[in-house]
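# Remarks on the overall topology
One-letter residues, chain by chain:
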Number of protein chains: 6
Amino acid sequence: MDKSVFLEDLDAFAYREVLSSGESIVLIPVGSLEQHGPHLPLGTDTLLSSRFAEGVANRLGALVAEPIAYGYKSQQKSGGGNHLSGTTSLDGATLIGVARNLVKSFLNQGVRHVVFVNGHFENYQFLYEGIDLALEDLGVKPGAEQSVLLLSYWDFVSQDTLAKVYPDGFPGWEIEHGGVLETSLMLHLEPARVGMDRLVDGPAAVLPRFDRLPVVPERTPATGCLSSAAGSSAAKGELLYRQVVEDLAMDLARELNSERNGPATAPPSADYAQ
Amino acid sequence: MDKSVFLEDLDAFAYREVLSSGESIVLIPVGSLEQHGPHLPLGTDTLLSSRFAEGVANRLGALVAEPIAYGYKSQQKSGGGNHLSGTTSLDGATLIGVARNLVKSFLNQGVRHVVFVNGHFENYQFLYEGIDLALEDLGVKPGAEQSVLLLSYWDFVSQDTLAKVYPDGFPGWEIEHGGVLETSLMLHLEPARVGMDRLVDGPAAVLPRFDRLPVVPERTPATGCLSSAAGSSAAKGELLYRQVVEDLAMDLARELNSERNGPATAPPSADYAQ
Amino acid sequence: MDKSVFLEDLDAFAYREVLSSGESIVLIPVGSLEQHGPHLPLGTDTLLSSRFAEGVANRLGALVAEPIAYGYKSQQKSGGGNHLSGTTSLDGATLIGVARNLVKSFLNQGVRHVVFVNGHFENYQFLYEGIDLALEDLGVKPGAEQSVLLLSYWDFVSQDTLAKVYPDGFPGWEIEHGGVLETSLMLHLEPARVGMDRLVDGPAAVLPRFDRLPVVPERTPATGCLSSAAGSSAAKGELLYRQVVEDLAMDLARELNSERNGPATAPPSADYAQ
Amino acid sequence: MDKSVFLEDLDAFAYREVLSSGESIVLIPVGSLEQHGPHLPLGTDTLLSSRFAEGVANRLGALVAEPIAYGYKSQQKSGGGNHLSGTTSLDGATLIGVARNLVKSFLNQGVRHVVFVNGHFENYQFLYEGIDLALEDLGVKPGAEQSVLLLSYWDFVSQDTLAKVYPDGFPGWEIEHGGVLETSLMLHLEPARVGMDRLVDGPAAVLPRFDRLPVVPERTPATGCLSSAAGSSAAKGELLYRQVVEDLAMDLARELNSERNGPATAPPSADYAQ
Amino acid sequence: MDKSVFLEDLDAFAYREVLSSGESIVLIPVGSLEQHGPHLPLGTDTLLSSRFAEGVANRLGALVAEPIAYGYKSQQKSGGGNHLSGTTSLDGATLIGVARNLVKSFLNQGVRHVVFVNGHFENYQFLYEGIDLALEDLGVKPGAEQSVLLLSYWDFVSQDTLAKVYPDGFPGWEIEHGGVLETSLMLHLEPARVGMDRLVDGPAAVLPRFDRLPVVPERTPATGCLSSAAGSSAAKGELLYRQVVEDLAMDLARELNSERNGPATAPPSADYAQ
Amino acid sequence: MDKSVFLEDLDAFAYREVLSSGESIVLIPVGSLEQHGPHLPLGTDTLLSSRFAEGVANRLGALVAEPIAYGYKSQQKSGGGNHLSGTTSLDGATLIGVARNLVKSFLNQGVRHVVFVNGHFENYQFLYEGIDLALEDLGVKPGAEQSVLLLSYWDFVSQDTLAKVYPDGFPGWEIEHGGVLETSLMLHLEPARVGMDRLVDGPAAVLPRFDRLPVVPERTPATGCLSSAAGSSAAKGELLYRQVVEDLAMDLARELNSERNGPATAPPSADYAQ
């Protein structure tokens, strides 16, 4: 069999060797199946979180588990809304259950650290709850050797990178749905899956500061995107991907290696204070 | 009986008169029982969300329901962590259940609009899920007359106000826990409950960009606050309170009155684009 | 800050001092938001259970946590029915969840005894289940130092008091909804919230010995009360309040102090055998 | 096949004939598997509720479904406590689920009225919740043709009967666990299952007015009974059984037959006012 | 009291004596209330699993608990479908809950081995899940003294018996619903409950290899049986009953007695390899 | 963008075109992450179910959704047991939730038929329950235009194929875990992921006819496979794959096309009677 960072490609005996090191790290990408406008595929979030996990795993010698490919309901303010065809979602209890089960299963097998790499805004709190419940189930408490980390990849985009990717100013993560960041990353990583000729330019969506349910469908632009992807490029995607993978790998390495001497109290990298 | 905007003070017959108008609005404050450092009381979030709801209700002729006084688990990055004594929390399923039940109960009684006024960062997604499930239970779909709104009061602080409250730059909402905003508001609204002599100054907490569970307790400052409250004043609190109540009331009035002519597709106030 | 028996008023450090005694008692009032006829406010049950808890806390040096302000569904035989506007309820699973979370949260913080003080008939069994599940989660078994108590305040009304409050005979607790007991207590504790001029006299409701669902709405009197409040007085309310607070405080003191020498096997007070 | 009131004995085609009348009534006995002292079998509650259901079914031409043979956890104040071997219980969510499923299943088949005949004190509120949720699932609202009734058989014991069964005064239903009522009924209905020679006499248990968890085991008498069964007799059992079956059948007949002319608003029998 | 293998007939003290041996085995029959054609009663599955449990208990000195009398939804491919009147079912969560509660309750009381004896095809996986969750709750892990077994009685029918009962070839367990096996067993064990004159002969149902929902009702034969019961006889029933009870008792004895010397790794009987 | 049968590769607008036909079919592969011995990767079940879905989709013009990549707990009798490292599982409630959410989401979007293509034995009943609950939520009843199908791919292996793949006789599906069928299919479809040099030959596992929990670990062969993969070949894999894809596509075409004239009552293919 080929070497692979993907857990699904390993046989059980090869995997058990990894576990026996006592230092195993399993990254779980979390995405969504969600409309991303006319120019990006439904699987964008799952694909991107998987690619970030793969990049980090290659640097850390970690493994990448099968992604959680369906995410929490798209909210109008961050994803256009769950009423849009193509958006196929899990409710909160189910996503909590998936995260809880995976944490319990991996920690019970002896994985040292589980890291959720999130690529869909709305997932975060439900993953957090699933992790927390799993640790309660297992009796894993502060000071334990095993740990679970949860992050969204965009939180590792540096100020420098942001300034280069958005020379006219950054519109905010919440409306980065089918916008310049995701489109550039896709152009770099999966160009055959991007339809730049279908891209529709226009002003960013202006949404209320409250969530309203049921949604007022007309508030979502017809494209389903909350900000324009005009100005996207493979070069920006490469910059984003490289910088994030590098910083993410460095932070994780510092955090999870520091285990050997007890958990660090100082933050892993200076960039935390950004 | 006195006039009151608080639902708990009304008798059932007076309440039914309000319902019979067909335009009733019920605001539900949502807070927490959570450590807020040595200078603020455990009930800070519930108290503040209740006061914002009261202010808005007075302007709109709306009612304020009993607050949801216990919130979702405090996370280290936004509240210091759930391991700190004084922090008394609900898990995700329970908070979802509370929101779901209240929405169903109020809409079944004929309330036209329910508005959750949130004052504890970690609650938001679970309230959203509770609302969404309730509307599914009830079969309330886009175009319906009834609606539910969800907001956090700090999202209505304007750029102007922010610049005045934080003359040295705004540190970010996530670490505004026991900091200048909450302390100033408490000094304005409930000065007898603030112990300014117990306030501890110091640099803001610098936390990783990931959540780690179980938490590394040492990463939370000893005070339990994530940023210093030094520089707080009743005057800043008054400014914050007045501006937010005014904008919030205006946005809600525009949003919910526009009902009569069908839901608006343009956002209620120019400030949305901030 | 002022001294207060209310947990929400304490800061975390003051609260931790209480915990450090090893003898802390936290009382949790449990009420409802429920129609109580034309003369009593919707928040009657929450208000009364909070006041009983406050009275007992003052005598015992205990703390009072934020009330559980929404209760289980009103049943026709004890509260007129859940179909009546103003009655805003939680389902069983949610109320169980709230009680379970609060018990776990408080006992994990080191609270020695948690006491639920119930003021809404229908809550009782769901609170019991929440407590029982929490203790199973925590592994707290007979012989443990920590305990949870559950009671309804009316079970501490003595035969003597009953005879004075109901000189013509006591109609039974189940139909004491908006009747002489609750009205008298409100007249004593919160007279501005009682509309005696709106009180409607009439015979007590006569309901079947079974519950029927869906309810037959006409079986509930138009007032929503199951027995008349005629004959209520502030003096009766004062008698009720004083006697119950005194007995309740005495029973709890005997029960929870006896801890030091192992749990008592004899009942705390002679009145148990009433 | 023999004629039988027991649903389990009917074949599907015979059952469908009953349904086709449009007037079918299905009674569901609900009991427990619970210690009942040294003289009564563990299945006492299930057996008694089944026999009451059978007696009523014979009079009404109704059917008796399989009993719910495991009940909610025994509470110390009403059943001695769930820690006693022999007591084998369901938690609240499961009992709610059983009731909810049975109501949905029977009403979906076209049963006109479902009647739960309860024989274990602690079950009541969980059955109620299961019924209420089922009706919400089905959209059955006030005015519907179908209904569900819930009752405990002891609520149909008349004052006359009580006076004869307890010539020295009635100790109260809560501590009637393995006492004169249950023992007399068993002596009448199932004498071979009663071990009168093993009966232990003694004063009734005197328990606090609160529930305490975890229980203090010593508060339950060694027998597990809360009141003495001395004075029980088959004659008393026969009296109890006959009077209750008669009144119960009469009340149900009046309630469920009145359907034809719309639901009655006056209570079925004068005894309601007892 | 009479001797009995039925737990419901024992008093608590007699039961505790059994527990004190440290070798107690409790068998739990699991059936259904389900249409079984025009010739068999609705309670067939519960009755048969109870009789198998009784037969085995008599041989092993084990006890038989009250059956789980309602089962998981009938599937069209194995039971004709859940849409057929007479079929009264639990959903998955509820059946999981019942099994989980019973396992926890019995193991907590000190029962050494719990054995579920299943008589309704669709129950199996939900019982398995309930058992697994209960053992997780209790912390019972490989190597523990206590265990839970789960089996369907038809898996113990030997090849020899099959050949005799189905001389023209065995049609498969899935469509053995109201067929020769169940009918013969009923003719042997409960002849008064079988209506052989109502039996309808005909070819076995031919169903797709997929499940389809909602069901296409016409695919189930009008009788509700998936294969004909023609050819059933009490003699076949006796053969089936005796052989299964004997093999089942032998396997359980070997399995559960081997405990004393540690669990066996070799399978109990040669017939395993059938 | 390339043409693709994979939903994740489509953009939302292309997907909506498919939906607008009114005849859309979405296939959802369901697998597991599970040890499959030393010669097959952990992702075998997910990979195989995905490939079968892909093959069928190509023939039917259907779409393939992201697979459910984690399955229900491995049982010792069919997968070696859930205690084996590499096996990473969901509990029943979570898998039910995933299936329920996906069915609701797809049917709400207007998908005409959803087909679950299962590749992991233990998943089946939980998927069934998820589907059934979703249809209840949606109110989809017999006669509806939309439907959901559930199947395991091995149920479409014909007798002819079986005889060729297992010339010495077929050992049964339950112990086909890492055996000749799965290994041959992998050799045909994904040869680089098979380590034939690591294959261990030996007799099939002989397991009891009951499930025992906690498992007796020694009963599972050291390889984790329940039957030997010796005799596997890419040619057998090709035969299996082609025959199953062809039959499955034919059955689905007949079943789902017959919709236009109302559902068929005769089974789609003669092979049903195998």
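Residues numbered from 1 in each chain as written. Chains lettered and ligands numbered in written order. Predicted model: local features only at pLDDT ≥ 70, side-chain atom pairs only at ≥ 80, totals over all residues. Heavy atoms only, no water.

Okay, the overall build of chain A next. Helix and strand content of chain A: eight helices and five strands. Sequence-ordered secondary structure for chain A, helices as α and strands as β, is α-β-α-β-α-α-β-α-β-α-α-β-α. Against the compact-globule benchmark of 19 Å for 274 residues, chain A has a radius of gyration of 19 Å, which places it among compact chains. Taken along the three principal axes of its C-alpha coordinates, chain A extends 55 × 40 × 40 Å. Relative to its full complement of 274 residues, chain A shows a buried share of 66%. Of the roughly 8800 Å² that chain A leaves accessible, carbon and sulfur atoms contribute 50%. Computing the positive centroid from 20 side-chain charges and the negative centroid from 35, chain A places the two 2 Å apart. (Helix = DSSP H or I, 4+ residues; strand = E, 2+ residues; numbered from the N terminus. Rg over C-alpha atoms; globule rule 2.2 N^0.38 Å. Buried < 20%, exposed > 50% of the residue type's maximum accessible area, 1.4 Å probe, protein only. Areas by Shrake-Rupley, 256 points an atom, 1.4 Å probe, with all protein chains shown as cover. Lys, Arg positive; Asp, Glu negative; His and termini not counted. Charge placed at Lys NZ, Arg CZ, Asp CG, Glu CD.)

Moving on: the packing of helix α2 (residues 44-60) of chain A against helix α8 (residues 234-257) of chain A. Residue and element names in this part refer to chain A. Axis separation between α2 and α8 bottoms out at 9 Å; the angle between their running directions is 50°. Relative to α8, the element α2 lies oblique. When the axes of α2 and α8 are compared, the crossing they make is right-handed. Where α2 abuts α8, its residues Arg51, Phe52, Gly55, Val56, Arg59 and Leu60 lie against Leu240, Tyr241, Val244, Val245, Glu246, Leu248, Ala249, Leu252 and Ala253. Classifying every residue of the contact of α2 with α8 gives eleven nonpolar, one polar and three charged. (Axes fitted to C-alpha atoms, helices over the stretch in contact; angles between N-to-C directions. Parallel < 35°, antiparallel > 145°, perpendicular 65-115°, else oblique. Left-handed = near helix turned anticlockwise from the far one by under 90°. Contact = heavy atoms within 4.5 Å. Nonpolar A, V, L, I, M, F, W, Y, C, P; charged D, E, K, R; others polar.)

All right, on to the packing of helix α4 (residues 92-109) of chain B against helix α4 (residues 92-109) of chain C then. Two elements in contact, α4(B) and α4(C), have axes separated by 9 Å at closest approach and are oriented at 140°. On the basis of their axis angle, the class for α4(B) and α4(C) is oblique. Read as a crossing pair, α4(B) and α4(C) show a hand that is left-handed. The segment α4(B) lies against α4(C), with Thr94(B), Gly97(B), Val98(B) and Asn101(B) engaging Thr94(C), Gly97(C), Val98(C) and Asn101(C). The class makeup of the residues in the contact of α4(B) with α4(C) is two nonpolar, six polar and no charged.

Residue and element names in this part refer to chain F. Tracing the chain through its elements places Ser184 in helix α7 (residues 180-189). A distance of 2.8 Å separates a polar side-chain atom of Ser184 from the backbone oxygen of Val180. Setting aside residues no more than four positions away along its own chain, Ser184 makes contact with Ser232, Ser233, Ala234, Lys236, Gly237 and Leu240. (Polar contact = N/O pair within 3.5 Å; in protein donor to acceptor, adjacent residues only side chain to side chain.)

Right, let's get into the confidence of the model for chain A. Looking at chain A as a whole, its pLDDT mean stands at 93, while 93% of the residues score no less than 70. The ipTM value of the predicted complex is 0.94, and its pTM value is 0.96. (pLDDT = per-residue confidence, 0-100.)

We now examine the relation of the copies chain C and chain D. Between chain C and chain D, the superposition needs a rotation of 180° and an axial shift of 0.0 Å, giving an RMSD of 0.0 Å. What the superposition gives is, in effect, a two-fold axis relating one chain to the other. Mapped onto chain D, 100% of the interface residues of chain C are again interface residues, and the two copies thus contact each other with one and the same surface. (Least-squares fit on C-alpha atoms with pLDDT ≥ 70 in both.)

Right, let's talk about the arrangement of the chains for a bit. The two units chain B and chain E never meet; even their closest C-alpha atoms stay 16 Å apart. Contact between chain C and chain F is absent, and the least distance between their C-alpha atoms amounts to 16 Å.

A separate point is the interface of chain C and chain D. Facing the 61 residues of chain C at the interface are 61 residues of chain D. Contact between chain C and chain D buries roughly 5000 Å² in total, counting both sides, with carbon and sulfur atoms accounting for 55%. On the surface where chain C and chain D come into contact, there are ten salt bridges. Salt-bridge contacts for Glu255(D) lead to Arg219(C); the nearest nitrogen and oxygen are separated by 2.7 Å. Connecting chain C to chain D are 24 residue pairs in polar contact (both at pLDDT 80 or more). (Buried area = accessible area lost by both parts, 1.4 Å probe. Salt bridge = Lys/Arg side-chain N within 4 Å of Asp/Glu carboxyl O.)

Our focus in this paragraph is the pattern of salt bridges. Tallied over the full model, the rule gives 84 salt bridges over all chains. Its salt-bridge partner being Lys104(F), residue Glu136(B) comes within 2.4 Å of it at the nearest N-O pair. Taken together, the residues span two chains, with Glu136(B) in helix α5 (residues 124-138) and Lys104(F) in helix α4 (residues 92-109). Taking the relative accessible area as the measure of exposure, Glu136(B) reaches 40% and is therefore partly exposed. A salt bridge links Arg112(E) to Glu23(E); the shortest N-O distance between them is 3.6 Å. Here Glu23(E) lies in the loop between α1 (12-20) and β1 (25-30) and Arg112(E) lies in the loop between α4 (92-109) and β3 (113-118), a separation of 89 residues in the sequence. Relative accessible area serves as the criterion here: at 30%, Glu23(E) is assigned to the partly exposed category.

Taken as a whole and assessed by the stated rule, the structure comprises 51 aromatic pairs over all chains. Judged by centre distance (4.3 Å) and plane angle (25°), the rings of Phe52(D) and Tyr153(D) are stacked. Placement of Phe52(D) in helix α2 (residues 44-60) and of Tyr153(D) in the loop between β4 (147-152) and α6 (159-165) is noted, with a sequence separation of 101 residues between them. In this structure, Phe52(D) and Tyr153(D) share a single accessibility class: buried. Between the NZ or CZ atom of Arg16(C) and the centre of the ring of Phe13(C), over which it lies, the distance is 4.8 Å. (Phe/Tyr/Trp six-rings, centres within 6.5 Å; stacked < 30°, edge-to-face > 60°. Lys NZ or Arg CZ within 6 Å of the ring centre and 35° of its normal.)

On to the environment of Asp251(D), then. All names here are of chain D. Looking at the secondary structure, you find Asp251 in helix α8 (residues 234-257). With relative accessibility at 0%, the residue Asp251 sits in the buried group. Sequence separation between Asp251 and Val117 is 134 residues, and the spatial gap between their C-alpha atoms is 13 Å.

All names here are of chain B. Buried residues of helix α1 (residues 12-20): Ala12, Tyr15 and Leu19, and no others. Buried residues in α1, looked at end-on, bunch into an arc of 60°, giving them a common side. In this structure, α1 carries Glu17 and Ser20 as exposed residues pointing more than 90 degrees from its buried face. On the buried face of α1, the contacting elements are β2 (63-64) and α4. The backbone nitrogen of Phe13 lies 2.7 Å from a side-chain oxygen of the residue at the head of α1, namely Asp11. (Arc of directions from axis to C-beta.)

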